[in-house]
Amino acid sequence: MSREFVVDGPVIVGAGLAGLSCAIELAPARCLVLSAGALSTGTSTGWAQGGVAAAVGPDDSPADHAADTLAAGAGLCDEAVVTSITAAAPDAIEWLSSQGTRWDRNSDGTLRLGLEGAHGRRRIVHAGGDGTGAELLRTVVDAARRLDSVTLWEHAPARRIVVEGGRVTGVEADTPDGPVLLRTTAVVLATGGIGGLFSHTTNPLSSRGQGLALAFRAGAALRDLEMVQFHPTALDVALDPMPLVSEAVRGEGAIIVNERGEWVLADPLSARDVVSRAEWAQLRSGHRVFLDARNSPGERFAELFPSITVTAVAAGLDPARDLLPVRPAAHYHMGGVLVDADGESTVPGLYAAGEVASTGLHGANRLASNSLLEAVVCGRRVARRLRDVRRQSRTGPPVVELVETPSAEIAAPGHDGRFGPPDQRQLHERIRGIVTAGAGVLRDETGLRRALRDLQPHLDDDTGLVGYLVAHAALRRTESRGAHTRTDFPQAGVAGHTLVTLDDVAGVAA
Ligand SMILES: Cc1cc2nc3c(=O)[nH]c(=O)nc-3n(C[C@H](O)[C@H](O)[C@H](O)COP(=O)(O)OP(=O)(O)OC[C@H]3O[C@@H](n4cnc5c(N)ncnc54)[C@H](O)[C@@H]3O)c2cc1C
């Protein structure tokens, strides 16, 4: 039996940058934030290295940032959304500063700006060198904790969105005190990405698209789920998840070779998807793939990339002398819950922000460092929208006060995704293998149909369901575009979106 609570305000599912930006912006309006594990764990936010893209340099403009974003998105971006989010970027940086983010600055106090692949200008704002994500997470966790209006429940994974009469009326969650039903008129999904669905990933293993499963079962439309960005230089040293070797290493002259020392592709500075495809083809034909940084940056490696050096050395590798084994790993999900400009899904009362959402910013390929930007801008936009809704509803019945449980003080039961019951862990490993084989970097009809067949018996499990939906969308997109490559349809077709809803996936139970 589950206990029932009436929440005075929205329930935000997820405590990364998107969820906590939403909670902070809502103040003084109240909200309840659910974190699946302990606060500050299980987020991609905390692991981000590069930074936040924003046109704040003297030679830059939001229009230039928008143009680079549209070019990367390969025809699937929503231009109005791109214009609006890139225009909001400088303010997002200011807002994070006002919340306490300590950005890296030049000696004159101006922001130090980095350059990343496919950005035409220096516009990557960063903190602590390659520790941007940790600084951002510290900022929003501290800020949320300071606010009386934000109630934080840890170890409280959401399990089901309750929809009655066509709109959201609550959410069911597990807590250390048992299952609960939280009555609310607004639920914000901010659950992050899906990298944990693949055998090779840079994401926390708990990022398995739980928000997509919640939204799908609630009847919401999901868009472009097949669009998964694979990072080409994840360090292949038997760690799960895999450590990331920044793209900047290739920028400093490192090349990609196979075990015979042959170049894997002519232009070592090619885009992520191009490099990932070339590597995948090598791996499939039995070769191994390495990042060769011995000549360039060579002896300067440790000075330029201190944290990658620490990781490599721990794995017994010296980047100045050894080839670094690498492979493509699932890194970022462009697809997600279809939302409008305010972050509302196709189910009234259900919102989404951050990596779980499909706003139209990234299209078929994300421009580096645009995802933290989207998380903060869109998290705050959802909050502003919810504040408006609440203002209008003041004429309605009074809101019942939230009844709290003291769950934050209770010890962790291990809800971080890796430590499920053994049979569930085994099932998830099996699902990861199926999804990787069928819906990895290179896809074709035979492999995708096999994945769908093998996942069909596991649709009751959220991980199995989301893997199935990704493969289903990948089968439907009979073209190659951006991050999605079909070897049986190598050309781009007419630009369009894939939509997945309960109605059009036969055999999938709600
Ligand atoms: C290694 C790495 C490096 C990256 N570098 C960059 C970069 O430099 N720049 C950039 O822009 N992007 C980068 N990204 C991507 C970026 O970090 C993410 O897209 C972004 O942080 C997502 O934020 P989020 O708030 O949407 O989700 P997350 O930060 O992943 O947070 C998700 C939250 O949801 C919770 N959750 C999940 N399911 C449930 C549930 N059922 N119930 C309750 N809570 C739940 C989790 O516990 C967590 O609190 C990187 C990603 C990785 C993995």
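Because the structure is a prediction, the values reported are computed rather than measured.

Enquirer: So what's going on with the site of the ligand? Residues and values would help.
Expert: Near the ligand, the surroundings consist of 37 residues, among which Thr45, Gly50, Glu355, Ser371 and Leu372 are the closest. Here an oxygen atom of the ligand and a backbone polar atom of Ala15 are 3.0 Å apart. Ser44 is positioned with one of its backbone polar atoms (N or O) 2.9 Å from an oxygen atom of the ligand. Notes on the ligand: free accessible area 1000 Å², of which the protein chains cover 96%.

Enquirer: Any chance you could break down the pairing of strand S15 (residues 289–292) for me, citing the residues and the numbers?
Expert: Residues Val289 and Leu291 point to one face of S15 and Phe290 and Asp292 to the other, with burial holding for every one of them. The pairing of strand S14 (residues 255–258) with S15 spans four bridges and is antiparallel. Residue Val257 lies in a different strand from S15, and its bridge partner there is Phe290. Relative to strand S16 (residues 324–333), S15 is paired through two bridges, and the arrangement is antiparallel. Across the sheet, the residue bridging to Leu291 is Leu324, located in S16.

Enquirer: Can you lay out the packing of aromatic side chains for me, pointing to particular residues and giving the numbers?
Expert: Any two aromatic rings considered together are summarised by their centre-to-centre distance and by the angle between their planes. Tallied over the full model, the rule gives three aromatic pairs. With a centroid separation of 5.7 Å and 80 degrees between ring planes, the pair formed by Phe5 and Trp153 is classed as edge-to-face. A residue pair is termed long-range when its members are at least 10 positions apart, and Phe5 in strand S1 (residues 3–6) and Trp153 in strand S7 (residues 150–153) qualify at 148 residues. The exposure class assigned to Phe5 is buried, which follows from its relative accessible area of 4%. Centre to centre, the rings of Phe198 and Phe230 are 5.5 Å apart; their planes meet at 90 degrees, and the pair counts as edge-to-face. Taken together, the residues span a long stretch of sequence, with Phe198 in the loop between strand S11 (187–189) and helix H5 (210–217) and Phe230 in strand S13 (residues 228–235) at a distance of 32 residues. A relative accessible area of 7% places Phe230 in the buried class.

Enquirer: Before we move on, can you summarise the sheet that holds strand S10 (residues 178–183) with the specific residues and values?
Expert: Ordered by their spatial adjacency, four strands build an open sheet running S1-S10-S9-S8, and the pairing between neighbours is mixed. In this open sheet, the two edge strands, each paired with only one partner strand, are S1 and strand S8 (158–164). Within the sheet, the average angular offset between the axes of one strand and its neighbour, ignoring direction, is 25 degrees. Two strands pair when backbone bridges link them, and strand S9 (residues 167–175) and S10 are joined in this way by six bridges, in the antiparallel orientation. Looking at S10, one finds that Asp174 is bridged to Pro179.

The rules behind each value
- Residues numbered from 1 in each chain as written.
- Predicted model: local features only at pLDDT ≥ 70, side-chain atom pairs only at ≥ 80, totals over all residues.
- Heavy atoms only, no water.
- Near = heavy atom within 4 Å.
- Polar contact = N/O pair within 3.5 Å; in protein donor to acceptor, adjacent residues only side chain to side chain.
- Areas by Shrake-Rupley, 256 points an atom, 1.4 Å probe, with all protein chains shown as cover.
- Buried < 20%, exposed > 50% of the residue type's maximum accessible area, 1.4 Å probe, protein only.
- Helix = DSSP H or I, 4+ residues; strand = E, 2+ residues; numbered from the N terminus.
- Pairing = 2+ DSSP bridges.
- Phe/Tyr/Trp six-rings, centres within 6.5 Å; stacked < 30°, edge-to-face > 60°.
- Axes fitted to C-alpha atoms, helices over the stretch in contact; angles between N-to-C directions.

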